[in-house]
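One-letter residues, chain by chain:
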Amino acid sequence: MSQPLLSVRGLRKRFGGLIATDGVDLDVVEGEIHALIGPNGAGKTTLLTQLFGELSHDAGEIRLDGEAIDSLATPQRVHRGLARTFQINQLLPDFTMLDNVALAVQAREGHSFRFFAAARGDKSLRQRAREYLGAAGLAHRAEIKVANLSHGEQKQLEFVIALACEPRLLLLDEPMAGLGHAESEQMVAMLANLKGRITMLLVEHDMDAVFALADRISVLVYGRVIATGTAEEIRENQEVRIAYLGEGDA
Amino acid sequence: MSEDAITRANPSGQNAGRALALLALALGLVALPFLVQAVGQPALVPLATRVLIYAIAAASLNLALGVGGMVSFGHAAFFGVGGYVVGIFYRTYVDDGLFLGLIPGTTQLLVTLPAAILVGGLLACLIGALCLRTSGVQFIMITLAFAQMLFFLFVSLKAYGGDDGMTIRRRNELFGLNTRDDVTFYFICLAVAALVFLALWRIVGSRFGMVLAGIRQNERRMAAIGIAPYRYKLGAFVISGMGTGLAGALMANYLRFVSPDMLHWTKSGELMIMVILGGVGTLLGPLFGAAALVILETVLTSWTEHWQLILGPILLFVVLFTQGGLTGLFDRLGIGRSER
Ligand SMILES: Nc1ncnc2c1ncn2[C@@H]1O[C@H](COP(=O)(O)OP(=O)(O)OP(=O)(O)O)[C@@H](O)[C@H]1O
Ligand SMILES: [Mg+2]
């Protein structure tokens, strides 16, 4: 196997008495969709948050494409090709959908110390933002203020913004949660469509979606990876059945 | 109504009406000195001048506070220092000396105003670089603390009048105009105010302005798209300090006097009140807010010396019931739509 795109070794994070990340080793190979599953409170979000640099880890190492990124702040990690979606939406509520996406496009074009030209009048910026929204079937909602969007639309916007960052590795924190049936199917289709082009680490409780999409699955329980393997291997794994699948969480 | 009035996308249909209202406002401001003379109230010209100067300061504060979400309680520092630039230049000129053994004095407005902008910006860079490492209540308190330190510094500077301040016998000169004349000075301030509002309008709509408004709404989101908030906040804080320093320099010229009063924390409070009265984050709100506060103060002080007792409830009313200050109120009444 060639060098993994993301490689995590011995990652540890403690919140007071609670060990949220307990010596996690994880490899995500370029091009794959790697699902991360586990019961509520297993530490999935906490792990993504550390990978993204929003939370510092107590010990261990995170490498992206072979380079240690532990000391980089979140914006720098984004420039290195990382993007994430949030389980709890992190959007700009006073702005329209289009503004939200256009800002992500703008951020990719280098610094924003440009004080004169109207950003909303920048045709190429707006056009590219529209294309991202269009690809997700949201073009008709582009001018709606985020605060006035449905929860499902906000969730989809989270995803579109992350795509507009043009990441190499996309960290997805329960992208299906809170979506209606049709929206959820659409999301699965979009992820399937991106498969191979963008490497993804997918945290998701919807097991049908996970088994449909994931090349490999890692199971996190009490901050530890108890198993990693293909969908088949995980389904057969006795330990996983007891610890997780047996609970009928999905 | 949200706080992001100037940064929100405009439904295009209303633009024409807004442009018209803005034109009417501009014409009104140009005609004002002649109108008040016609109705025999020439004393209103200096009053209007004060409104314009405070509007510049409040609009500058609004960039940090309203657009960027940085609740600075220390903007009197920039206002006062701008005033002292004029005072110290004048004193040095009169004494025919050198400030810090280097800089000769001057009475030229074309030198003192840019100098005040520069000094305001440098001071904001210094204060901002330290304060912007904090946020929330801590940020409010630490900006206040810096401004108070400067207040006490100037109180102790006996060379520049200490407590009593300095009188500036003559206003700065500009192209041989008679700046002592109230109407002339009004137009100078109007021209400067117009330039400042134009600049702020461009900045708020620019890429920088979008980032700044994004930071106010959700810093975590901005970091997640690759934008490190700190330098943009600092940039906005510096621009804000520059504009406020400029206003301070005009005020020192207007009063022909500068004293630590301009640096006092109550001045920071007044500027904040103007921003809130006018509508946080709106473009012309600070102008309305400055007008409201200056007029209220003038009217109320003629009734009672405890005018602040009356101002308090009025302010409370505006904050609680207008949702967006005077700008929000005008909007709902369907007038003055120009401010968006
Ligand atoms: N900032 C924090 N301070 C203290 N404890 C925290 C913090 N963040 C998370 N935790 C705790 O760490 C554990 C892991 O939380 P985390 O949100 O990572 O779980 P999760 O696997 O994402 O769960 P879910 O499936 O419900 O989203 C939980 O017990 C949580 O209460
Ligand atoms: Mg979670």
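The shown structure was predicted, so the numbers you read here are calculated from the model rather than taken from an experiment.

**Details of the site of ligand 1**
Residue and element names in this part refer to chain A.
Here is step 1: Not every one of the 14 residues close to ligand 1 is listed here, only the nearest: G41, G43, K44, T45 and T46.
Here is step 2: One nitrogen or oxygen atom from the side chain of K44 is found 2.8 Å from an oxygen atom belonging to ligand 1.
Here is step 3: When ligand 1 is considered free in solution it has 630 Å² of accessible area, and contact with the protein chains removes 61% of it.
Here is step 4: Elements that contribute at least two residues to the shell around ligand 1 include exactly β2 (18-28) and α1 (44-51).
Here is step 5: It is α1 that contributes the most residues to the shell around ligand 1, three residues altogether.

**Concerning helix α10 (residues 265-278) of chain B**
Think of an α-helix as 3.6 residues a turn; residues three or four steps apart then line up on the same face.
All names here are of chain B.
Here is step 1: Given a rise of 1.5 Å per residue, 14 residues ought to cover 20 Å, and the 20 Å separating the end C-alpha atoms of α10 matches this to within 8%.
Here is step 2: The element α10 is extensively covered by neighbouring structure, given that 11 of its 14 residues are classed as buried.
Here is step 3: Where α10 terminates, the next one or two residues include G279, which has phi positive at roughly 120°.

**Re the coordination of the magnesium ion (ligand 2)**
All names here are of chain A.
Here is step 1: Protein-derived ligands of the magnesium ion (ligand 2) are T45 (OG1) and Q87 (OE1), with the metal-ligand distances lying across 1.9 to 2.1 Å. Taken together, the residues span a long stretch of sequence, with T45 in helix α1 and Q87 in the loop between β6 (82-84) and α3 (97-108) at a distance of 42 residues.
Here is step 2: Classification of T45 by relative accessible area gives partly exposed; the value is 27%.

**Here's the deal with the pattern of salt bridges**
Here is step 1: One pass over the full model with this rule turns up 26 salt bridges over all chains.
Here is step 2: A salt bridge links D22 of chain A to R224 of chain A, with the shortest nitrogen-to-oxygen separation between them at 3.3 Å. Taken together, the positions of D22 of chain A in strand β2 and R224 of chain A in strand β10 (residues 224-229) put the pair 202 residues apart, joining distant regions of the chain.
Here is step 3: Salt bridges linked by common partners bring E54, R84 and D173 of chain A together with R220 of chain B together as one network.

**Comments concerning the pairing of strand β8 (residues 199-203) of chain A**
Residue and element names in this part refer to chain A.
Here is step 1: With respect to burial, β8 is a largely interior element, five of its five residues being buried.
Here is step 2: Residues T199, L201 and V203 of β8 are buried on one face, and the alternating residues M200 and L202, pointing to the opposite face, are buried as well.
Here is step 3: Bridge count for strand β3 (residues 33-37) against β8 is four bridges, and the pairing is parallel. For A35, the partnering residue across the bridge sits in β8 and is L202.
Here is step 4: Of the strand pairs in this sheet, strand β7 (residues 169-173) and β8 are connected by five bridges, and their pairing is parallel. Bridging from a neighbouring strand, L169 pairs with T199 of β8.
Here is step 5: Tracing the backbone out of β7, into helix α6 (residues 181-194) and back to the parallel element β8 gives a crossover that is right-handed.

**A word on empty space enclosed by the protein**
Here is step 1: If you walk through the whole model with that rule in mind, you get two cavities of 30 Å³ or more.
Here is step 2: Computed from the structure, the second largest cavity encloses a volume of approximately 30 Å³.
Here is step 3: What lines the second largest cavity is simply A102, L103, Q106, A119, R120, L125 and R126 of chain A together with M210 of chain B.
Here is step 4: Looking at the lining of the second largest cavity, the elements with two or more residues in it are α3 and α4 (123-135) of chain A.
Here is step 5: Top contributing element to the lining of the second largest cavity by residue count: α3 of chain A, with three residues.
Here is step 6: Tallied by class, residues from the lining of the second largest cavity come to five nonpolar, one polar and two charged.

**What to know about the packing of helix α1 (residues 15-38) of chain B against helix α6 (residues 182-205) of chain B**
Residues and elements named next belong to chain B.
Here is step 1: Here α1 crosses α6 at 160°, and the two axes come no closer than 10 Å. Considering their axes alone, α1 and α6 lie roughly antiparallel with respect to each other. Here the hand of the crossing between α1 and α6 comes out right-handed. For the pair α1 and α6, the contacting residues are L29, V30, L32, P33, F34 and Q37 in the first and V183, Y186, F187 and L190 in the second.
Here is step 2: Taken together, the residues of the contact of α1 with α6 sort by class into nine nonpolar, one polar and no charged.

**Points about the environment of L18 of chain A**
Here is step 1: On the secondary structure map, L18 of chain A appears in strand β2.
Here is step 2: Separated by 128 residues in the primary sequence, L18 of chain A and V146 of chain A place their C-alpha atoms 36 Å from one another.

**Quick look at the layout of surface pockets**
It is a probe the size of a water molecule, rolled over the atoms, that shows where empty space is left.
All names here are of chain B.
Here is step 1: Looking at the second largest pocket, its volume works out to about 480 Å³.
Here is step 2: Taken together, 19 residues make up the lining of the second largest pocket; nearest its centre are V81, V85, I88, F99 and V119.
Here is step 3: Counting only elements with at least two residues in the lining of the second largest pocket, the list comes to α3 (76-95), β2 (103-104), α4 (109-131) and α5 (136-156).
Here is step 4: The element best represented in the lining of the second largest pocket is α3, accounting for six residues.
Here is step 5: Of the residues contributing to the lining of the second largest pocket, the split by class is 17 nonpolar, two polar and no charged.

**A look at the pairing of β2 of chain A**
Residue and element names in this part refer to chain A.
Here is step 1: With eight bridges connecting them, strand β1 (residues 6-15) and β2 associate as antiparallel partners. Opposite R14, over in β2, you have I19 as the bridge partner.
Here is step 2: Connecting β1 to the next strand, β2, in antiparallel fashion are two residues, including G16 with a positive phi near 55°.

**Things to note about the interface of chain A and chain B**
Here is step 1: Taken together, the 38 residues of chain A in the interface contact 30 residues of chain B.
Here is step 2: Buried surface at the junction of chain A and chain B, both sides included, amounts to about 3100 Å², of which 59% is carbon and sulfur.
Here is step 3: Per-residue buried area on chain A facing chain B is highest for D94, F113 and F115 of chain A; these three make up 18% of the total on that side.
Here is step 4: Taken together, chain A and chain B are joined by five salt bridges.
Here is step 5: Where chain A meets chain B, there are 18 residue pairs in polar contact (both at pLDDT 80 or more).
Here is step 6: Among the secondary structure elements, those contributing two or more residues to the side of chain A that touches chain B are α2 (74-79), α3 and α5 (151-164) of chain A.

**With respect to the nonpolar core**
Here is step 1: Core analysis: the largest hydrophobic core is formed by 151 residues, its most contacted members being L133, L157, F159 and L170 of chain A together with L63, I225 and F237 of chain B.
Here is step 2: If one sorts the elements of this core by residue count, helix α2 (residues 44-67) of chain B sits on top with 17 residues.
Here is step 3: Excluding anything up to four places from it in sequence, F237 of chain B contacts A64, M70, S72, H75, F78, A124, I127, G128, L132, F139 and T143 of chain B.
Here is step 4: One finds L5, L11, F86 and L169 of chain A within the second-largest nonpolar core, a separate group that totals 25 residues.

**A few points about the domain arrangement of chain A**
Residue and element names in this part refer to chain A.
Here is step 1: The domain boundaries assigned to chain A delineate domain 1 (1-81 + 169-250) and domain 2 (89-166).
Here is step 2: Relative to domain 2, the C-alpha centre of domain 1 lies at a distance of 26 Å.
Here is step 3: For the pair domain 1 and domain 2, the two sides together bury roughly 1000 Å², of which 70% comes from carbon and sulfur.
Here is step 4: Counting across the interface, domain 1 meets domain 2 through zero salt bridges.
Here is step 5: Our enumeration of links across domain 1 and domain 2 arrives at three residue pairs in polar contact (both at pLDDT 80 or more).

What counts and how
Numbering of residues begins from 1 in every chain and follows the order in which that chain's sequence is written. Chains and ligands are labelled by the order in which they are written, letters from A for the one and numbers from 1 for the other. Only residues with pLDDT of at least 70 are given local features in this predicted model, and only at 80 or more are side-chain atom pairs given and counted; all residues enter the totals for whole chains, interfaces and linings. Note that the side-chain values use all heavy atoms of the structure and ignore hydrogens as well as water. Residue proximity to a molecule or strand is established when one non-hydrogen atom of the residue lies within 4 Å of it. Nitrogen and oxygen atoms within 3.5 Å of one another constitute a polar contact, given that in protein one can donate a hydrogen and the other can accept it, and given that sequence-neighbouring residues count only through two side-chain atoms. Accessibility throughout is a Shrake-Rupley quantity obtained with a 1.4 Å probe, and a residue counts as covered only by protein chains that appear here. Secondary structure elements follow DSSP: runs of H or I of four or more residues count as helices, runs of E of two or more count as strands, with numbering from the N terminus. The span expected for a helix works out to 1.5 Å for each residue beyond the first. Relative accessibility thresholds used throughout: buried, under 20% of the residue-type maximum; exposed, over 50%; partly exposed, between the two (1.4 Å probe, protein chains only). Listed donor atoms are N, O and S within 2.8 Å of the metal (Na, K and Ca: 3.2 Å). As water is not included, a site may look incomplete. Only one rule defines a salt bridge in this text: a Lys or Arg side-chain nitrogen within 4 Å of an Asp or Glu carboxyl oxygen. Being paired, for any two strands, means DSSP has found at least two bridges between them. For a crossover, the right-handed case is the one in which the path from the first strand over the helix to the second runs clockwise, viewed with the strands pointing away from the viewer. For cavity detection a 1 Å grid was placed over the protein atoms alone, and a set of points counts as a cavity when a 1.4 Å probe fits there but cannot get out; an open set counts as a pocket when protein lies on both sides within 12 Å along at least five of seven lines, with lining residues being those that have an atom within 4 Å of a point. Grid points are joined across faces, edges and corners, and a volume is the space filled by probe spheres set on the points. We call Asp, Glu, Lys and Arg charged. Ala, Val, Leu, Ile, Met, Phe, Trp, Tyr, Cys and Pro are nonpolar, and the rest, Gly among them, are polar. Axis definition: a line fit to C-alpha positions, over the contact stretch in the case of helices; interaxial angles, taken between N-to-C directions, run 0 to 180 degrees. Oblique is the label for any angle not covered by the other classes, which are roughly parallel (under 35 degrees), roughly antiparallel (over 145) and roughly perpendicular (65 to 115). Each crossing gets its handedness from the near helix: less than a right angle anticlockwise from the far helix is left-handed, clockwise is right-handed. Any two residues having at least one pair of non-hydrogen atoms within 4.5 Å are treated as being in contact. Defined in terms of a 1.4 Å probe, buried area is the accessible area two parts forfeit on being brought together, summed over both. Nine residue types can take part in a nonpolar core, namely buried Ala, Val, Leu, Ile, Met, Phe, Trp, Tyr and Cys, and a core is a set of them joined through side-chain atoms within 4.5 Å. Note: domain ranges come from an automatic or database domain assignment.

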